[in-house]
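Below are the chains, spelled out letter by letter.
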Amino acid sequence: MKSLQSNDFELFGLAQTYAQDRTQIDARWKDLQRQAHPDKFADQGAAAQRIAMQWSVRINEAYQRLKDPLKRAAYLCELHGAPVNAENNTAMPPAFLMQQMAWREALDEAEGADDLEQISQQVQQASREVLQKIEQLIDQQQAYTEAVGQVRALMFVERFAADVDKRLDQLEL
């Protein structure tokens, strides 16, 4: 195994790119968890089990970041000196903010499942477009500072998508 200080990509033996094969991430996670399982170290004493537990936690943290496209993008930006700082940096382009306001208004005015499904489809399309921009900025252009803006945009889009899903779930109750 690598060092506990290895970055997530090194730990999982993956290329440090945004585009990743989720099945490969999942398989690597299972393999690493098998290697680090504390029960494998039961005959080596409490100290070895504690270290195995630290590895297990570290592997799980890396897995949570690598499997999620938003977290993976933010992590790559951070690794390349462009932290997202979403809690401190909320500035967004006016066109994006106008789109958000229009979606919020449409959500407030939605009268049924058909309206909500239409909004959901628009949001899913916007999410796909932002994800494509992120992949292009990170993997092809190595433009991490520019990618930060798209990562923050994706955070907004995902939050809004969750609100739409919540409304759809309420209709189904």
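Whatever comes next refers back to the structure up there.
The text that follows walks through the structure, step by step, so that each part is easy to find.

How each quantity is defined
- Residues numbered from 1 in each chain as written.
- Predicted model: local features only at pLDDT ≥ 70, side-chain atom pairs only at ≥ 80, totals over all residues.
- Heavy atoms only, no water.
- Salt bridge = Lys/Arg side-chain N within 4 Å of Asp/Glu carboxyl O.
- Helix = DSSP H or I, 4+ residues; strand = E, 2+ residues; numbered from the N terminus.
- Buried < 20%, exposed > 50% of the residue type's maximum accessible area, 1.4 Å probe, protein only.
- Contact = heavy atoms within 4.5 Å.
- Core = buried A, V, L, I, M, F, W, Y, C linked by side-chain atoms within 4.5 Å.
- Patch = residues over 30% accessible without salt bridge, like charges linked within 9 Å, V, L, I, M, F, W, Y side chains within 5 Å.
- Areas by Shrake-Rupley, 256 points an atom, 1.4 Å probe, with all protein chains shown as cover.
- Lys, Arg positive; Asp, Glu negative; His and termini not counted.
- Charge placed at Lys NZ, Arg CZ, Asp CG, Glu CD.

### Some points on the pattern of salt bridges
Counted by the stated rule, this structure contains six salt bridges. Among the ionic pairs, R104 bridges to D163, the shortest N-O distance being 2.7 Å. In this pair, R104 is assigned in helix α5 (residues 94-109) and D163 in helix α7 (residues 144-172), connecting sequence segments 59 residues apart. A network of salt bridges, in which partner residues are shared, links D8, R58 and R65.

### A short note on the side chain of S6
For S6, the position within the fold is in the segment before α1 (8-12). The exposure class of S6 is buried, given its relative accessible area of 11%. Among all residues touching S6, those that are not within four sequence positions of it are L11 and R58.

### A few points about unusual backbone geometry
Even without being glycine, Q142 reaches a positive phi, approximately 50°. Here Q142 is to be found in the loop between α6 (113-140) and α7.

### Comments concerning the nonpolar core
In terms of nonpolar packing, the biggest core is built from 31 residues, with L11, F12, C77, I134, I138 and V151 touching the most fellow members. Those residues in contact with C77 that sit more than four places away from it in its chain are A82, P83, I138, Y144, A147, V148 and V151. Grouped together as the second largest cluster of nonpolar side chains are 14 residues, M92, A126, F160 and V164 included.

### Observations concerning a negative patch on the surface
Taken together, E105, D108, E109, E111, D114, D115, E117, D165, D169 and E172 make up a surface patch of like negative charges. Those elements giving two or more residues to the negative patch turn out to be α5, α6 and α7. Position of D108 relative to the elements: it lies in helix α5.

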